[in-house]
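Secondary and tertiary structure notes
Now for the letters of each chain:
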Amino acid sequence: MRTHATCGKEFHFGTFMECVRGTLNKMREKLVDTAWNKLDQDKVGYITLDRIKDVYHLKCHPMVMIQQKTEEEAINDWLNENFALIQKVTPFDFKEYYLLIGASIPNDYDFELLFIKAWKIRVDGFNVDIALNNIKTQVFKNRNRIREFFRDYDPLRHRLILKEQFAASIDNSKLIVLPRDIRAICEQYCMNDDPQYLVCWTAFCDEIDTVYTLKELEKTPLREVLPRPKLNGLTPDRFLKCPVVLDDKREKAANALISRIKRELYDKRIYVRGSFKDFAQTKMCIGAVGHVTYTQFAQACSSQLKIHLEPHETELLCAKYDDLNNRTVNYLAFTGDIDPPP
């Protein structure tokens with residue numbers, strides 16, 4: 001009363017609220033401003049509730065991830081609780097909301113998690129979608145099902161595991177993911193109200209599996225399937241084409257050799273793809289779809305196809321079709337160039 005009351009007799013409620021909630025520090029203010037700019041891209045000075053629904057990232061909402069609420073229920077409950085009485089949200093309203101919320105969050109990291117999960121905004125500007133797309137590309141190319149690697153850490157099927165267990169699951173699945181990317185993904189899919197910041201691995205796997213199909217599509221077959229994500233390598237005929245381009249001299253020699261083999265096998269009426277089936281069996285498979293080792297490729301050419309190739313010619317073909325750069329040959333692309341069209 002001595003420091004804030006008017007004439008020592010009255011205490012203004014607005015002054016009281018300012019004292020309780022405090023002010024936003026520079027880091028928090030930057031997050032709020034960035035989120036507002038993402039919402040108000042047209043710079044009209046206000047946003048509607050429909051605009052908030054469009055931008056709010058509901059897949060990582062804690063109640064949605066553990067399937068206690070649908071996305072629609074989660075966003076409607078949040079809006080009704082915070083912005084139900086106003087139709088247009090101004091920058092002042094938006095900042096006031098996070099001022100009040102931030103007053104009960106002393107840790108800046110916890111405050112940042114709100115923006116990471118709701119608006120996909122980080123202080124360092126890192127884009128977690130790039131990390132997710134990298135994993136999706138690897139999963140699609142290698143036809144991996146990574147869900148099995150997480151289940152062992154969640155025997156009671158609570159959908160939640162520790163960050164260290166999440167990182168170990170990624171490592172066991174043989175995916176190449178940077179530590180920075182793993183940390184960002186854990187923050188995106190963590191339960192931010194949990195003291196251990198447990199990660200919802202099922203929500204993460206559901207997002208990765210969208211490269212194949214939507215979850216439980218057989219139960220709701222009339223759902224609209226979104227277009228396939230525009231990621232490098234996500235094309236149906238990826239294995240039928242080889243993206244490797246050699247230097248001009250070797251590329252010209254490789255094309256001439258391919259033309260010679262194609263003509264020779266056509267005259268003999270030999271279909272190439274079947275010659276690699278033995279090497280694609282489970283016991284001899286190297287783990288990459290449509291690929292065999294250099295040695296297996298040379299054996300198939302000599303014993304199955306009866307093609308006489310000099311060592312330098314075999315090496316040239318292996319280099320031409322080694323699209324994974326791991327000393328394996330994409331025999332599907334090779335057969336696609338040799339076999340006549342059906």
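Residues numbered from 1 in each chain as written. Predicted model: local features only at pLDDT ≥ 70, side-chain atom pairs only at ≥ 80, totals over all residues. Heavy atoms only, no water.

Labelled according to an unreviewed UniProt entry, the protein chain appears under the name EF-hand domain-containing protein, originating from Ceratodon purpureus.

1. Focus on the environment of N330
Where we set the bar: Each helix is a run of H or I in the DSSP string that is no shorter than four residues. Each strand is a run of E no shorter than two, and both are numbered from the N terminus. Three labels apply to residues, based on accessible area from a 1.4 Å probe with only protein chains included: buried if under 20% of the type maximum, exposed if over 50%, partly exposed otherwise in between. By the criterion applied in these results, polar contacts are pairs of N or O atoms within 3.5 Å in which, for protein atoms, one can donate a hydrogen and the other can accept it, and in which residues neighboring in sequence qualify only through two side-chain atoms.
Checked against the element boundaries, N330 lands in strand β6 (residues 328–330). Residue classification places N330 among the buried residues on the basis of a relative accessible area of 0%. Taking the C-alpha atoms as reference points, N330 and K320, separated by 10 residues in sequence, lie 9.2 Å from one another. In this structure the side chain of N330 is engaged in a polar contact, spanning 3.1 Å, whose partner is the backbone nitrogen of A333.

2. Section: the layout of surface pockets
In plain terms, the rule: Using a grid of 1 Å spacing that covers the protein atoms alone, one calls a set of points a cavity when a 1.4 Å probe fits there but cannot get out, and a pocket when the set is open and has protein on both sides within 12 Å along at least five of seven lines; lining residues are those with an atom within 4 Å of a point. Grid points are joined across faces, edges and corners, and a volume is the space filled by probe spheres set on the points. Three residue categories are used. Nonpolar comprises Ala, Val, Leu, Ile, Met, Phe, Trp, Tyr, Cys and Pro, charged comprises Asp, Glu, Lys and Arg, and polar comprises the others, including Gly.
Of the volumes computed, that of the second largest pocket is approximately 480 Å³. Lining the second largest pocket are 20 residues, and of these Y56, H61, W78, Y97 and L114 lie nearest its centre. Those elements that place two or more of their residues in the lining of the second largest pocket are α4 (62–65), α5 (71–82), α6 (91–103) and α7 (108–119). Looking at the lining of the second largest pocket element by element, the count peaks at five residues for α5. Looking at the lining of the second largest pocket residue by residue, the class counts come to 11 nonpolar, four polar and five charged.

3. Some details on unusual backbone geometry
At R159, a position not held by glycine, the phi torsion is positive, near 75 degrees. As for its placement among the helices and strands, R159 is situated in the loop between α9 (147–151) and β3 (160–161). Of the residues examined, R159 reaches a relative accessible area of 25% and is grouped as partly exposed. Despite not being glycine, R269 has its phi angle at roughly 60 degrees, a positive value. Assignment of secondary structure puts R269 in the loop between α13 (248–268) and β5 (291–293).

4. Focus on the UniProt feature "domain: EF-hand" (unreviewed entry) in the protein chain
Operational definition: UniProt positions are given in the numbering used here, feature names are shortened, and annotations may be inferred rather than shown by experiment.
Following the UniProt record, the feature "domain: EF-hand" (unreviewed entry) maps to residues 27–62 here. The annotated region residues 27–62 carries 58% helix and 6% strand content, and the separation between its end C-alpha atoms amounts to 24 Å.

5. Comments concerning the packing of aromatic side chains
Stated formally: Here the aromatic set is Phe, Tyr and Trp, taking the six-membered ring for Trp, and pairing holds for ring centres within 6.5 Å; pairs whose planes are under 30 degrees apart are stacked, those over 60 apart are edge-to-face, and all others are tilted. In this scheme, Lys NZ or Arg CZ marks a charge over a ring once it lies within 6 Å of the ring centre and within 35 degrees of the ring normal.
This model, assessed by the stated rule, comprises 25 aromatic pairs. Relative to Y97, the ring of W78 has its centre 5.7 Å away and its plane inclined at 90 degrees; by these criteria the two rings are edge-to-face. Here W78, found in helix α5, pairs with Y97, found in helix α6; they are 19 residues apart in sequence, far enough to count as distant. Each member of the pair, W78 as well as Y97, carries the same accessibility label: buried. With centroids separated by 6.0 Å and ring planes inclined at 0 degrees, the aromatic side chains of F150 and W201 adopt a geometry described as stacked. In this pair, F150 sits in helix α9 while W201 sits in helix α12 (residues 201–208), placing the two residues 51 residues apart along the sequence. On the accessibility criterion, F150 (1% relative accessible area) is buried. Ring pairs connect the aromatic residues W36, Y56, W78, F83, F94, Y97, Y98, F111, F115 and W119, which therefore count as one cluster. We note R28 situated over the ring of F111; from NZ or CZ to the ring centre the distance is 4.5 Å. Over the aromatic face of Y212 sits the side chain of R145, whose NZ or CZ is 4.0 Å from the ring centroid.

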